[in-house]
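The chain contents come next:
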Amino acid sequence: MRLDGIHHITAITGDARRNLDYYTRVLGLRLTAKTVNQDQPSVYHLFYGDELARPGADLTFFEYPGAVPGRAGTGMVHRIVWRIASDDALAFWADRLSNHGSEVHRGDGTVRFADFEGLEHELVVDSTNDEPLTAEHPEIPAEFALRGFEGVRAYSYHPDGTAAVLESLMAAGRRDHGRWEVRGGKRGGWLALDEPPAERGRQSAGTVHHVAWGTTDAEQGQWLERLNAARVPNSGVIDRHYFHSIYFREPGGVLFELATEEPGFTVDGPVEELGERIILPPWLESQRGQVEARLTPLPDPRADWPSTTPAVTSRA
Ligand code: ZN
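Numbering of residues starts from 1 in every chain and runs along the sequence as written. Only residues with pLDDT of 70 or above have their local features reported here, since the model is predicted, and side-chain atom pairs are shown and tallied only from 80 upward, although totals for entire chains, interfaces and linings are computed over all residues. Think of the side-chain values as coming from all heavy atoms in the structure, minus any hydrogens and water.

(A) Examining the coordination of the zinc ion more closely. In this structure, His8 (NE2), His210 (NE2) and Glu257 (OE) serve as the protein donors to the zinc ion, at separations of 1.9 to 2.0 Å. Linear spacing of the donor residues for the zinc ion on their chain is H-x201-H-x46-E. Taken together, the residues His8 in strand β1 (residues 6-13) and Glu257 in strand β16 (residues 255-263) connect sequence positions 249 residues apart. Given a relative accessible area of 2%, His8 falls into the buried group. Categorising residues by exposure relies on relative accessible area from a 1.4 Å probe, with only protein chains included: less than 20% of the type maximum marks a residue as buried, more than 50% marks it as exposed, and the intermediate range marks it as partly exposed. The exposure class assigned to Glu257 is buried, which follows from its relative accessible area of 1%. Any N, O or S atom lying within 2.8 Å of the metal counts as a donor, and for Na, K and Ca the limit rises to 3.2 Å; water is left out, so some sites can look incomplete. Elements are defined by DSSP. Helices are runs of H or I of four residues or more, strands are runs of E of two residues or more, and each kind is numbered from the N terminus.

Next comes the structure, spelled out in structure tokens:
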């Protein structure tokens, strides 16, 4: 039983409008769902991803309006690493991000930057054979688009404990450069540990809340059994509308989730309409008026696209 790399990553923003603008207009991701935090329906839960909203490229944000900037510390993920296709793509992004006011750090085969709230990202050239998960954008040639998650870098309270959970419970393989790779039949992704900073972390805007690893409905029950057999405290299976999830905290402090491929984002309607309206879980639908009234209105990020942009094609 194997996990299919990173399913999604969830972070926090204090400003849904700027967040939407940054991740769709600057980074070129697609807004794949606009919903509310199930545990707190007065705030948004925004989902960005590839054109078909597939696991592996799904970056989501809880909005806490006005949240102060946080800081990644021990027990937290501090950087999200994305795949791009080539060195030309690295050069494209270094230029594009600088032009949009980001401070860009170019390393050997990497481009590193942070969003407007300090959430760190890194782009690396894809050396896998995994299917590229790209979104369409009028200013970003397809060959330069982000292709999904490569990995995450984290700070652990207990590196040996983190390693033990990754290796013995999650079937991760230890790789060079302090990485653990989780790879299933469809995709892979890794977690790497870095030396934590002295300063304590603060979970707030611009920090990662949790990282989810991919599984299927068919195997999730067995993952739950495995966690329970190892006496790892966990949430049990929770219905997150787009997927089914089990949460647990690894010994180093990072919140992990095991999320299923099914049912996916087209549970709400056709792929062409992803992100267009606010989706509420069925039990909140009867309160739609009140829920929507409390949310900041967000524009359709594709409303001003030139009409020559190719129509979204269904490739699923
Ligand atoms: Zn999640």
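After that view, the rundown keeps rolling.
(B) Spotlight on the nonpolar core. To form a nonpolar core, buried Ala, Val, Leu, Ile, Met, Phe, Trp, Tyr and Cys residues must be joined to one another through side-chain atoms within 4.5 Å. Residues Trp93 and Trp213 are the most contacted members of the largest nonpolar core, which totals 67 residues. It is helix α2 (residues 87-99) that provides the largest number of residues to this core, a total of six residues. Among residues more than four places away in sequence, those in contact with Trp93 are Val26, Leu27, Ile84, Leu123, Ile140, Phe144 and Leu146. With 12 residues, the next largest nonpolar core counts Ala53, Tyr242, Phe265 and Val271 among its residues. We call two residues in contact whenever any of their non-hydrogen atoms come within 4.5 Å of each other.

(C) Layout of the environment of Asp4. Position of Asp4 among the secondary structure elements: in the segment before β1. The sequence separation of Asp4 and Trp213 amounts to 209 residues, and the corresponding C-alpha distance is 6.6 Å. Setting aside its immediate chain neighbours within four residues, Asp4 contacts Gly184, Gly185, Lys186, Arg187 and Gly214. Between N or O atoms, a polar contact is any pair within 3.5 Å; within protein, one atom must be a potential hydrogen donor and the other a potential acceptor, and residues adjacent in sequence are included only when both atoms are from side chains. Looking at Asp4, its side chain comes within polar contact range of the main-chain nitrogen of Lys186, at 2.8 Å. A polar side-chain atom of Asp4 sits 3.3 Å from the main-chain amide nitrogen of Arg187.

(D) Layout of the sheet that holds strand β12 (residues 188-194). At least two DSSP bridges between two strands are required for those strands to pair. Across the sheet, which stays open at both edges, the eight strands sit in the order β6-β7-β8-β5-β9-β12-β11-β10 with mixed pairing between neighbours. Pairing within the sheet leaves two strands with one partner each, and these edge strands are β6 (105-107) and β10 (173-175). Each adjacent strand pair in this sheet contributes to an overall mean axis angle of 25 degrees, direction not counted. Convention adopted: a line fitted to C-alpha atoms gives each axis, helices being fitted over their contacting stretch, and angles between N-to-C directions are expressed from 0 to 180 degrees. Of the strands in this sheet, β5 (76-84), β6, β7 (110-114) and β8 (120-125) touch α2, which is tilted by about 25 degrees from β7.

(E) Molecular detail of the packing of aromatic side chains. For Phe, Tyr and Trp, where Trp contributes only its six-membered ring, two rings pair if their centres lie within 6.5 Å, and the inter-plane angle classes them as stacked under 30 degrees, edge-to-face over 60, or tilted in between. All chains considered together, the criterion is met by 13 aromatic pairs. With a centroid separation of 5.5 Å and 75 degrees between ring planes, the pair formed by Phe47 and Tyr242 is classed as edge-to-face. Pair noted here: Phe47 is in strand β3 (residues 40-49) and Tyr242 is in the loop between β14 (238-239) and β15 (243-249), with a separation of 195 residues, a long-range link. Like Tyr242, Phe47 is buried. For the ring pair Trp82 and Phe149, a centre distance of 4.7 Å and an interplane angle of 40 degrees mean the geometry is tilted. One end of the pair, Trp82, is in strand β5; the other, Phe149, is in strand β9 (residues 149-155), and 67 residues separate them in sequence. In terms of burial, Trp82 and Phe149 fall into one category: buried.

(F) Fine view of the sheet that holds β15. The strand order β14-β15-β16-β13-β1-β4-β3-β2-β17 describes an open sheet built from nine strands, whose pairing is mixed. Looking at which strands have only one partner, the edges of the open sheet turn out to be β14 and β17 (278-279). Summarising the sheet, β14 and β15 pair through two bridges and their orientation is antiparallel. Looking across to β15, one finds that Asp239 is bridged to His244. Taken strand by strand, helix α4 (residues 217-229) contacts β13 (208-215), β15 and β16, and its axis lies near 20 degrees from that of β15.

(G) Layout of the pattern of salt bridges. For this analysis, a salt bridge means a side-chain nitrogen from Lys or Arg found within 4 Å of a carboxyl oxygen belonging to Asp or Glu. Within the structure shown, the criterion is met by 23 salt bridges. Between Arg240 and Asp39 there is a salt bridge, with the nearest N and O atoms lying 3.5 Å from each other. Here the residue Arg240 occupies a position in the loop between β14 and β15, and Asp39 occupies one in the loop between β2 (30-37) and β3, the gap between them amounting to 201 residues. Of the residues examined, Asp39 reaches a relative accessible area of 62% and is grouped as exposed. Taken together, the shared-partner salt bridges in this structure form one network comprising Arg83, Asp126, Asp130, Arg147, Glu150, Arg175, Glu181 and Arg183.

These figures come from the coordinates and say nothing about function on their own.
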